[in-house]
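Coordinates in review
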Amino acid sequence: MSTRNFVFAVLLSAAGMSATVSPATAEASVSADLSINIAPPAPRYEVAQPERVGYVWVPGYWNWHRHRHVWVAGNWVRARHGHHYYPHRWESRQGGWYLNRGRWDRDGDRVPDYRDRRPNNPNRR
């Protein structure tokens, strides 16, 4: 086999491997919450910038990226009228660590609106 054919074969096989995605990998990337076996480090202390009218401070958190914890700095996000923001948080459950992603909630019941059967229930709070 010539060098040119060998390089072509290697590139073709690499392209084929990168194009295949297992269902578990695809599902994990769109999952609302994350579960791993490694506890996150202690949160970092951040000083929020001066308050901005119409915005909510989202504190920094440890995200799980490429098999390690990576710090995501806090930032201001535009407030959503009639909603409450619950920040990202890690919790220990059943021997693992779960990252509950930050989310907006309309009725304050801590159930994300996309999972809530009654997201606008005025009797909850």
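The preceding data block contains the structure.
Residues numbered from 1 in each chain as written. Predicted model: local features only at pLDDT ≥ 70, side-chain atom pairs only at ≥ 80, totals over all residues. Heavy atoms only, no water.

**A word on the pattern of salt bridges**
- All chains considered together, the criterion is met by two salt bridges.
- Note that Glu-91 and Arg-89 form a salt bridge whose closest N and O atoms lie 2.4 Å from each other.
- Looking at Glu-91, the relative accessible area reads 22%, which means it is partly exposed.
- Here Arg-93 and Glu-91 are joined by a salt bridge, their closest N and O atoms 2.9 Å apart. (Salt bridge = Lys/Arg side-chain N within 4 Å of Asp/Glu carboxyl O. Buried < 20%, exposed > 50% of the residue type's maximum accessible area, 1.4 Å probe, protein only.)

**Notes on the packing of aromatic side chains**
- Scanning all chains against the criterion turns up three aromatic pairs.
- Here Trp-62 and Trp-71 contribute two aromatic rings whose centre-to-centre distance is 5.2 Å and whose plane-to-plane angle is 70°, an arrangement assigned as edge-to-face.
- Between Tyr-85 and Trp-104, the ring centres sit 5.1 Å apart and the planes meet at 65°, which makes this aromatic pair edge-to-face. Linking Tyr-85 in strand E6 (residues 84–86) with Trp-104 in strand E9 (residues 103–105), this pair joins segments that are 19 residues apart in sequence.
- In this structure Trp-104 comes out as buried when scored by relative accessible area, which is 17%.
- One Lys or Arg, Arg-52, reaches over the ring of Tyr-55 and ends 4.1 Å from the middle of that ring. (Phe/Tyr/Trp six-rings, centres within 6.5 Å; stacked < 30°, edge-to-face > 60°. Helix = DSSP H or I, 4+ residues; strand = E, 2+ residues; numbered from the N terminus. Lys NZ or Arg CZ within 6 Å of the ring centre and 35° of its normal.)

**Let's talk about the nonpolar core**
- Grouped together as the largest cluster of nonpolar side chains are eight residues: Leu-34, Ile-36, Tyr-61, Trp-62, Trp-64, Trp-71, Trp-90 and Leu-99.
- Of all elements in the fold, only strand E1 (33–36) and strand E3 (61–65) reach the threshold of two or more residues within this core.
- In terms of residue count, the dominant contributor to this core is E3 (three residues).
- Setting aside its immediate chain neighbours within four residues, Trp-64 contacts Leu-34, Ile-36, Ile-38, His-69 and Trp-90. (Core = buried A, V, L, I, M, F, W, Y, C linked by side-chain atoms within 4.5 Å. Contact = heavy atoms within 4.5 Å.)

**Examining the side chain of His-83**
- Tracing the backbone shows His-83 in the loop between strand E5 (75–78) and E6.
- Of the residues examined, His-83 reaches a relative accessible area of 16% and is grouped as buried.
- Among the polar contacts listed, one links the side chain of His-83 to the backbone oxygen of His-81, at a separation of 3.1 Å. (Polar contact = N/O pair within 3.5 Å; in protein donor to acceptor, adjacent residues only side chain to side chain.)

**A short note on unusual backbone geometry**
- One non-glycine residue with positive phi stands out, namely Arg-66, at about 55°.
- The topology assignment puts Arg-66 in the loop between E3 and strand E4 (68–72).
- For Arg-66, a relative accessible area of 70% corresponds to the exposed category.

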